[in-house]
Amino acid sequence: MVQIAPSILSADFSRLGEEVKIVESAGSDMLHIDVMDGRFVPNITIGPIVIKSLRQQSRLPFDVHLMIVEPEKYIEAFADAGADIITVQAEACPHLDRTIQQIKATGAKAGVALNPSTSEYVLDYVLDQLDMVLVMSVNPGFGGQKFIPGMLTKIAMIKDEITARKLNTKIQVDGGINKENIAEVSLAGADIFVAGSAVFNAEDPSKAVRDLKKKAEVIEGHTEE
Ligand code: DX5
Ligand code: ZN
């Protein structure tokens, strides 16, 4: 089953609770929460306090994407705030294996994100431990950027490796996903689609979620688990 994960980065932060409820009742599968520190990426967003108060407003799994340096200092705080999946950027983790273990020790699922210029080979010795691989299809920091087409190859390479190792690891794609390209990205092997501007900047965010899901599902092999 394909999954849609709206990113609140493009939501109206003055009415975040309502925005989350809209995408939740539209059938979203998880909520993608972008945490930025102004160091790993040139933008600053939110931290555990906001996530904790959002947690009261939603039953969706919280998929927390940490675009921060030294994420190991904050993993417990995000888990306590209600994160169900915690994803760290490989580039921010000199001791990636240890950081993955730290995430799992909190009870959260563990994901690793790769910037567009980072090779999938950095996953060779950790893939078996991961619940999710996040392929960044834009350079992280901002919503509304254009999908980098070369990432289709990376998705396919990772999918092949997951299949060869008979793993259940999901591939999430983040950045520039829209109605026009989601089918192609699904075909390349992605399972979970993050969409920020395509959902929250749409006239009808609820319809946008449903349309994206339908278009991602048309691909053979993704209609069943
Ligand atoms: C970018 C973030 C994304 C962002 C995607 O750094 O990680 O989650 O919200 O936004 P769109 O879908 O507009 O590219
Ligand atoms: Zn993200």
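Up top you'll find the structure we're talking about.
Our subject in this report is the structure included herewith. (Residues numbered from 1 in each chain as written. Chains lettered and ligands numbered in written order. Predicted model: local features only at pLDDT ≥ 70, side-chain atom pairs only at ≥ 80, totals over all residues. Heavy atoms only, no water.)

## Examining the overall build of the protein chain
Inference 1: The secondary structure content of the protein chain amounts to 8 helices and 8 strands.
Inference 2: For the protein chain, whose C-alpha radius of gyration is 16 Å, the value lies close to the compact-globule estimate of 17 Å for 225 residues.
Inference 3: In terms of overall dimensions, the protein chain has a C-alpha envelope of 45 × 40 × 30 Å along the principal axes.
Inference 4: The buried share of the protein chain, reckoned over its 225 residues, is 52%.
Inference 5: Across the protein chain, contacts joining residues at least 24 apart in sequence account for 65% of those joining residues at least 6 apart. (Helix = DSSP H or I, 4+ residues; strand = E, 2+ residues; numbered from the N terminus. Rg over C-alpha atoms; globule rule 2.2 N^0.38 Å. Buried < 20%, exposed > 50% of the residue type's maximum accessible area, 1.4 Å probe, protein only. Contact = heavy atoms within 4.5 Å.)

## Notes on the coordination of the zinc ion (ligand 2)
Inference 1: Taken together, His-32 (NE2), Asp-34 (OD), His-65 (ND1) and Asp-174 (OD) make up the protein donors of the zinc ion (ligand 2), found 2.0 to 2.3 Å from the metal.
Inference 2: Considering all 6 donor atoms around the zinc ion (ligand 2), the spread of angles at the metal, 69 to 170°, places the coordination shape in the octahedral class.
Inference 3: Read in sequence order, the donor residues for the zinc ion (ligand 2) give the motif H-x1-D-x30-H-x108-D.
Inference 4: Exposure remark for Asp-34: the relative accessible area of 6% places this residue in the buried category. (Donors = N, O, S within 2.8 Å, 3.2 Å for Na, K, Ca; no water. Tetrahedral: all angles 85-135°; square planar, octahedral: opposite > 155°, others 65-115°.)

## Notes on the site of ligand 1
Inference 1: Taken together, 20 residues lie around ligand 1, and Asp-34, Gly-141, Gly-144, Asp-174 and Ser-197 are the ones closest in.
Inference 2: A distance of 3.4 Å separates an oxygen atom of ligand 1 from a polar atom in the side chain of His-65.
Inference 3: The backbone of Gly-176 places a nitrogen or oxygen atom 2.8 Å from an oxygen atom of ligand 1.
Inference 4: Considering ligand 1 on its own, with 380 Å² of exposed area, one finds that the protein chains cover 100% of that surface.
Inference 5: Put simply, the parts of the chain that give the shell around ligand 1 at least two residues each are β2 (31-36), β3 (62-67) and β8 (192-195).
Inference 6: Taken together, the residues of the shell around ligand 1 sort by class into 8 nonpolar, 10 polar and 2 charged. (Near = heavy atom within 4 Å. Polar contact = N/O pair within 3.5 Å; in protein donor to acceptor, adjacent residues only side chain to side chain. Areas by Shrake-Rupley, 256 points an atom, 1.4 Å probe, with all protein chains shown as cover. Nonpolar A, V, L, I, M, F, W, Y, C, P; charged D, E, K, R; others polar.)

## Describing the pairing of strand β4 (residues 85-89)
Inference 1: In terms of burial, β4 is a largely internal element, 5 of the 5 residues being buried.
Inference 2: Alternating residues of β4 divide into Ile-85, Thr-87 and Gln-89 and Ile-86 and Val-88, and every residue in both groups is buried.
Inference 3: Pairing analysis gives 4 bridges linking β3 to β4, with the strands arranged parallel. The partner of Val-64 across the bridge, within β4, is Ile-86.
Inference 4: Once the chain exits β3 it traverses helix α3 (residues 75-81) before rejoining the sheet at β4, and the crossover so formed is right-handed.
Inference 5: Sheet analysis places β4 next to strand β5 (residues 109-114), joined by 5 bridges and oriented parallel. Residue pairing across strands places Thr-87 opposite Gly-111, the latter belonging to β5. (Pairing = 2+ DSSP bridges. Right-handed = clockwise from strand over helix to strand, strands pointing away.)

## Some points on the side chain of Gln-172
Inference 1: Tracing the sequence through the fold places Gln-172 in strand β7 (residues 170-174).
Inference 2: A polar contact is formed between the side chain of Gln-172 and the side chain of Asp-63, at a distance of 2.7 Å.

## Let's talk about the environment of Gly-196
Inference 1: Assignment of secondary structure puts Gly-196 in the loop between β8 and α7 (197-200).
Inference 2: For Gly-196, a relative accessible area of 15% translates into the label buried.
Inference 3: Remark: the alpha-carbon pair of Gly-196 and His-32, spanning 164 residues in sequence, is separated by 8.7 Å.
Inference 4: The contacts of Gly-196, once residues within four sequence positions are left out, are Ser-7, Ser-10 and Asn-201.

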